[in-house]
Amino acid sequence: MLSVGIAMIQGARHEHGQAVQQAAEELGLEIEIIYLREQDDVSNELDCIILPGGESTTMRLVSTNHNVLPAIFDWIKENPEKKVLGTCAGAILLSNPGDGIEPFIQTGISRNAWGRQRMSFEAEIDVDLHVKEPDLESKPLSQLPLDKDDHRPLVVRTGDHDGFEGSFNGVFIRAPRFDSESCTDQVIAKLGEEVVGVKSGNILALTFHPELTGDAFFHRWLLQNES
Ligand code: GLN
């Protein structure tokens with residue numbers, strides 16, 4: 001049983017819970033989701049952590065009550081062999097943890113750099129990351145879990161997702177932008193020439209929201225052994 005921690009500070013948290021559950025079913029794995037609300041929830045029992053999107057400034061503020069962010073940052077430092085997935089505001093926190101903490105990815109990031117909320121968009125992005133295919137034979141799509149409204153998530157498959165050089169439906173919501181010029185991390189996702197996903201060791205930082213697509217590709221990466 002894998003233990004998946006999701007930072008419950010603010011933002012798109014529940015959707016990540018659904019996506020990682022879907023990924024687990026697709027891979028035939030058992031998981032337990034631990035919602036990280038205060039520092040004591042962040043333990044070495046966790047196998048991986050998700051830092052959702054939302055508002056990074058709000059997250060920093062809210063976190064001061066229960067110190068969950070500093071605990072997560074310590075955990076990341078102490079567990080380099082474990083996986084971390086940061087999306088959107090989560091990517092901002094990984095690039096710029098603040099309080100003098102060394103960045104977890106080296107690529108600089110600018111907040112809200114596509115413009116205001118109404119400039120949010122969807123676009124097909126190119127992905128270069130090796131991820132296990134879903135074991136759809138044992139779990140047909142019709143058996144994917146229902147969400148809280150009893151809806152079955154739409155599985156958007158825009159390309160060949162069996163590993164390298166696939167495409168993915170990128171959902172960018174008041175998204176940040178990586179500094180593509182100064183990027184020294186491994187680039188794993190691009191929107192045209194623009195870097196939108198980077199990997200540093202076992203840490204993946206994405207400026208878009210994979211948890212809103214119904215496609216659990218990046219969540220399968222989080223659960224698989226291979227980096
Ligand atoms: N605009 C947010 C921030 O600056 C990020 C947006 C998101 O996570 N969708 O933190």
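Refer to the structure above for everything that follows.
Everything numeric here is computed off the predicted structure, so don't read it as measured data. (Residues numbered from 1 in each chain as written. Predicted model: local features only at pLDDT ≥ 70, side-chain atom pairs only at ≥ 80, totals over all residues. Heavy atoms only, no water.)

Engineer: Which residues make up the site of the ligand, and what values do they have?
Structural biologist: Around the ligand lies a shell formed by Gly 53, Gly 54, Glu 55, Ser 56, Cys 88, Ala 89, Ile 92, Arg 111, Asn 112, Ile 173, Arg 174 and His 209. Contact distances for the ligand include 3.3 Å between a nitrogen atom and a side-chain N or O atom of Glu 55. Between the ligand and Asn 112 there is a distance of 2.5 Å, counted from a nitrogen atom to a side-chain nitrogen or oxygen. Coverage of the ligand by the protein chains reaches 97% of its 300 Å² of free accessible surface. Here the ligand is seated within the second largest pocket. Residues belonging to the shell around the ligand are distributed by class as follows: four nonpolar, five polar and three charged. (Near = heavy atom within 4 Å. Polar contact = N/O pair within 3.5 Å; in protein donor to acceptor, adjacent residues only side chain to side chain. Areas by Shrake-Rupley, 256 points an atom, 1.4 Å probe, with all protein chains shown as cover. 1 Å grid on protein atoms, 1.4 Å probe; cavity = no way out; pocket = protein on both sides within 12 Å on 5 of 7 lines; lining within 4 Å. Sits in = over half its atoms within 2 Å of the grid points. Nonpolar A, V, L, I, M, F, W, Y, C, P; charged D, E, K, R; others polar.)

Engineer: Could you give an account of the pattern of salt bridges, naming the residues involved and the relevant values?
Structural biologist: Under the definition given, this model contains six salt bridges. With its nearest N and O atoms 3.9 Å apart, the salt bridge here joins Lys 77 to Asp 74. With Lys 77 and Asp 74 both in helix α3 (residues 68–78), this residue pair falls three residues apart, about one helical turn. Residue classification places Asp 74 among the partly exposed residues on the basis of a relative accessible area of 37%. Salt bridges sharing partners connect three or more residues here, namely Glu 55, Arg 111 and Arg 174. (Salt bridge = Lys/Arg side-chain N within 4 Å of Asp/Glu carboxyl O. Helix = DSSP H or I, 4+ residues; strand = E, 2+ residues; numbered from the N terminus. Buried < 20%, exposed > 50% of the residue type's maximum accessible area, 1.4 Å probe, protein only.)

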